[in-house]
Amino acid sequence: MTSIVNFEGIWGVGDETPHCYLLTVDDFTFLLDCGWDEKFDKDYLDRLTKVLPRVDCVLISYPDPLHMGALPYMVGKCQLTCPVYATVPVFKMGQMFLYDWYQSHHNYDLVEHFCLDDVDAAFDLITQVKYNQSIPMRGKGIGLSISAQPAGHMIGGAIWRIIKDGEGDIVYAVDFNHKKERHLGGCELDKISRPSLLITDAFNSSYRQERRRHRDEKLVAQLQETCRNGGNVLVATDTGGRVLEMTHMLEQMWNTKESGLSAYSLAILSNTGYHVIHFAKQMIEWMSEKLTKAFDTLRTNPFSFKHLKFCHNLTDLSRLPSPKVVLASFPDLESGYSRELFVQWATNPKNTIILTSRTGPDSLARRLIDNPQIRTFKLLEKRRVRLEGPELDEHYRQKREQQQQQQRIKEEVESSSDSEDEEGLEAGKHDIIVLHEKAGNQSMFRSRKHHPMFPYHEDKVRGDDYGEFINLEDFEISGLKEENKENIDLQIPYDDDDMMEMEEAPTKCVSQTVTVRVAAQVLFIDFEGRSDGESIRKIVEAMHPLRVILVRGSHTDLQAFAENIRSMTKAKVFTPSLGQVVNASMESHIYQIKLSESLVSSLALQPAGREMEVAWVDGCVTFPTDTIEGTGEEADRQVIATENQREKDMATLAVIPREQAPPHTPVFINDIRLSGFKQVLSRAGISSEFNAGILWCANGTLALKKQDSGSVSLEGPLSPDYFEIRELLYSQYAIL
């Protein structure tokens, strides 16, 4: 049985960029993530638009823009309608990420690629799933199923496992973290053994992380030093992913009296910060086992913060007393409040800027990390300013013209509908309705049509977008006294100037180049939450995949990691370039069969280990004789078989008579440990002892050794003790 598996990188192949890949299994195409970055690359949009008609399903791994930033554009501008799958936390936090991402750009620039309505439409397509939940595909994907496995890194992060009946698994695992953190558990890749294809990244393949304890001590020391010197600290982080780890850790520090940090202000500055923490309170079951048990026993929510303040703009932040520690989005310093605070605070030598993630190339944060010696930057500062003077008058004039034009179009539509209703009717001399008859419709026979004989005029109800126009006089209470009438405001008159003040003030976007001299201390403290290079190599070696596709990483890291995998697992490794289609198909000789009832009843099961029973079967495989006969056109009209039909067409394994069964050598099945067998010998009254990994028996004359294959060999002279020990050894095996 052979499945055709093709892989194509739309983005994220060969460099440190967002994730977006195409995976085709037979005729069914998965889009693995659809990330975007701050550059809004148009070439990427062109490539993505061309392949969207082929996409049958979208799988989202994490809620940040690097994994789902392009989803609103795909739905709103490209009319993507296929199913999208993500875990429940990715659904919730993904909305917060994209709302904050959009608003951060809208605050100072025009956002042309998508709007908030596109974000809502995109999330209407998402099907929320749980970990280990098996979701069968439909249509062309019958026989395929997907399931999400815990990935760490961010709440709800998923490693996607694609399973096809009778074949090996395909595992898509990027940006995972095997380490347990304060609010998240690690990934569970060790539970997946020998997948047919593993798709992973090489972003951290050569990266070494410092120990968590040293990292936390470094952060606390920097916060204490800066605040005690009267400076402020900017911590650039994301919206709803790694910020949860940061807030949980800082809240614990502020609760510790020995740290002395409770005297200073702690705030989160984000457009959606309050809602992020609110959703985190509701998703404790998706977090680490430690937090879950603490919540169950103590009934205290770990995200009910006492010291953390929520700020939604710079005005709210200015009300907090200094010194203060502020967590602001986004980590790349390209947009959002983190960039605004960086421009304001970087010039003060008392302040500290803490970067928590190695963002994409050419971003401001990445330049600060890679080139710490550069202290002067030229930045393009964008902002929105209110319209004033002639610009404001021109704006309102254009707005009035648009409203008048819309009103004229609306009246024309209504008048045309009225004329259509009254077309063909004419009032006669005696006010009797007469229908027009066209000359072409006249005939020599008398018409049997019945015409209305009495006039009837139907009043058309006029209304606006909110329904029928209401005459307030119809609802006036006749018996109300005049003095009470004066106290009731039946209608509030507004002139044009009042209405303009109630609406959002019109603004325009302006930009200028500013020079920022960085006098503040800039530090990179790793809070990315990804596995390091050494751990990734051990995980891949333990999985022992048959095929590996490496994405997202520098060319040097990709080639070095590929060589390491080839030497460890003998797997075939692909490092595709951008747009290259890789054929990762693999022929497998695994077929699904049914066991006949006679065979099942004749099985002589023997225990082999604690949770396993085995039996030897001599049988023959028979295939169903019913075949589809007909022409090629009839075969083309055949629909996809249902599950019952597929089971009916499955081959059957039936038992054969014992006299026809071929002879075979005995098979010994069990994994025997020498330490356990030593207890068996002791119960039989035979003394034994270990020496250099060998179990010696019978006064050191017989040796029991564990072979590389896992079996145990008995060596020594053929004596009565030899045969007695061999009998005890055979009793531990299931012999078939």
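Look up a bit, the structure's there.
Let us look at the structure shown here. Per chain, the residues get numbers from 1 upward, laid out in the order the sequence is written. Only residues with pLDDT of at least 70 are given local features in this predicted model, and only at 80 or more are side-chain atom pairs given and counted; all residues enter the totals for whole chains, interfaces and linings. In computing side-chain values, all of the structure's heavy atoms are included and hydrogens and water are not.

1. Some remarks on the sheet that holds strand β32 (residues 619-622)
The criterion for strand pairing is that DSSP finds at least two bridges linking the strands in question. Only runs of H or I of at least four residues qualify as helices and only runs of E of at least two qualify as strands under DSSP, and these elements are numbered from the N terminus. The strand order across the open sheet formed by 3 strands is β29-β33-β32, and the pairing between neighbours is mixed. The sheet is open, and its two edges are formed by β29 (593-595) and β32, each paired on a single side. Strand-to-strand twist of the sheet, defined as the mean angle between neighbouring strand axes without regard to direction, takes the value 30 degrees. Across 3 bridges, the pairing between β29 and strand β33 (residues 651-655) is parallel. Among the inter-strand pairings, L595 is bridged to a residue of β33, identified as L653. Angles run from 0 to 180 degrees between N-to-C directions of axes, and those axes are lines fitted to C-alpha atoms, restricted for helices to the stretch in contact.

2. Thoughts on the sheet that holds strand β35 (residues 688-691)
A sheet is described by the order of its strands in space; here 4 strands give the open sequence β35-β36-β37-β38, paired in antiparallel fashion. The two strands at the open ends of the sheet, each matched to only one other strand, are β35 and β38 (712-715). In this sheet, adjacent strand axes meet at a mean angle of 25 degrees when their direction is disregarded. Across 3 bridges, the pairing between strand β36 (residues 694-697) and strand β37 (residues 702-706) is antiparallel.

3. A look at unusual backbone geometry
Cis geometry is found at the peptide bond from S322 to P323, where omega equals 0 degrees. Residue position: P323 is located in the loop between α10 (314-318) and β16 (324-329). For the bond from S329 to F330, the omega torsion is 15 degrees, close enough to zero to count as cis. Considering the arrangement of structural elements, one finds F330 in the loop between β16 and α11 (337-345). With a phi angle near 65 degrees, D33 is a residue other than glycine that sits in the positive phi range. Within the secondary structure layout, D33 lies in the loop between β4 (28-32) and α1 (42-51). Within the chain, R194 stands out as a residue other than glycine whose phi angle is a positive 50 degrees.

4. Quick look at the state of the cysteines
Cysteine sulfur atoms that come within 2.5 Å of each other are treated as a disulfide pair. Enumeration over the complete set of coordinates arrives at 0 disulfides. C57 provides the cysteine sulfur closest to C82, a residue in no disulfide bond, and the two sulfurs are 6.5 Å apart. Categorising residues by exposure relies on relative accessible area from a 1.4 Å probe, with only protein chains included: less than 20% of the type maximum marks a residue as buried, more than 50% marks it as exposed, and the intermediate range marks it as partly exposed. Taking relative accessible area as the criterion, C82 reaches 9% and is therefore assigned buried.

5. Let's talk about the pattern of salt bridges
What makes a salt bridge here is a side-chain nitrogen of Lys or Arg within 4 Å of a carboxyl oxygen of Asp or Glu, nothing more. Applying the stated criterion across every chain yields a total of 26 salt bridges. Here D169 makes a salt bridge to R161, at a shortest N to O gap of 2.6 Å. Owing to a relative accessible area of 13%, D169 belongs among the buried residues under this scheme. Here R242 ties to E181 by a salt bridge, and the two come within 2.6 Å at their closest N and O atoms. Residue R242 is located in the loop between β13 (233-237) and α7 (243-255), and its partner E181 is located in the loop between β11 (170-172) and β12 (197-201); the two are separated by 61 residues in the primary sequence.

6. Here we look at the side chain of T24
Secondary-structure assignment places T24 in strand β3 (residues 20-25). Judged by relative accessible area, which is 12%, T24 ranks as buried. Here a polar contact is recorded for every N or O atom pair within 3.5 Å, except that within protein the pair must consist of a potential hydrogen donor and a potential acceptor, and residues adjacent in sequence are included only if both atoms are side-chain atoms. Within the local environment of T24, its side chain forms a polar contact with the side chain of T29, the two groups lying 3.2 Å apart. Beyond its immediate sequence surroundings of up to four residues, T24 is in contact with I4, V5, N6, T29 and R54. Two residues form a contact once any of their heavy atoms are found within 4.5 Å.

7. Quick word on the nonpolar core
Formed by 54 residues in total, the largest nonpolar core has its most connected members in L23, F30, F176 and L189. Those residues in contact with L189, other than ones at most four positions away along the chain, are I159, V171, A173, F176, I539 and M543. Buried Ala, Val, Leu, Ile, Met, Phe, Trp, Tyr and Cys residues that are joined via side-chain atoms within 4.5 Å together make up what is termed a nonpolar core.

8. Some details on the packing of helix α16 (residues 533-543) against helix α17 (residues 555-569)
Following both chains from N to C, one finds α16 and α17 inclined at 35 degrees, their axes separated by 10 Å at the closest point. At the point where α16 passes α17, the crossing takes the right-handed sense. Only F561, N564, I565, M568 and T569 of α17 make contact with α16, whose side of the interface consists of I536, R537, V540 and E541. Throughout this entry, Asp, Glu, Lys and Arg are counted as charged residues, while Ala, Val, Leu, Ile, Met, Phe, Trp, Tyr, Cys and Pro are counted as nonpolar. The remaining residues, Gly among them, count as polar. Grouping the amino acids of the contact of α16 with α17 by side-chain chemistry returns 5 nonpolar, 2 polar and 2 charged. The crossing is said to be left-handed when, going from far helix to near helix, the turn is anticlockwise and less than a right angle, and right-handed when the turn is clockwise.

9. Details of the packing of aromatic side chains
Centre distance within 6.5 Å is the pairing criterion for rings of Phe, Tyr and Trp, where only the six-membered ring of Trp is used; planes under 30 degrees apart are then read as stacked, over 60 as edge-to-face, and the remainder as tilted. Going through the model one piece at a time under the given rule, you end up with 13 aromatic pairs. Their ring planes at 55 degrees and their centres at 5.8 Å tell us that W36 and Y73 sit as a pair that is tilted. With W36 in the loop between β4 and α1 and Y73 in helix α3 (residues 71-76), the pair connects residues that are 37 residues apart, well separated along the chain. Accessibility classification places W36 together with Y73 in one group, the buried group. A connected cluster of aromatic rings, assembled from ring pairs, spans W36, F40, Y73, W101, Y102 and F114. For the cation-ring pair, R358 lies above Y207, with the distance from its terminal atom to the ring centre recorded as 4.0 Å. Here, a charge over a ring is recorded when the distance from Lys NZ or Arg CZ to the ring centre is within 6 Å and its angle to the ring normal is within 35 degrees. For R552, the ring lying beneath its charged end belongs to F203, and the centroid distance is 4.3 Å.

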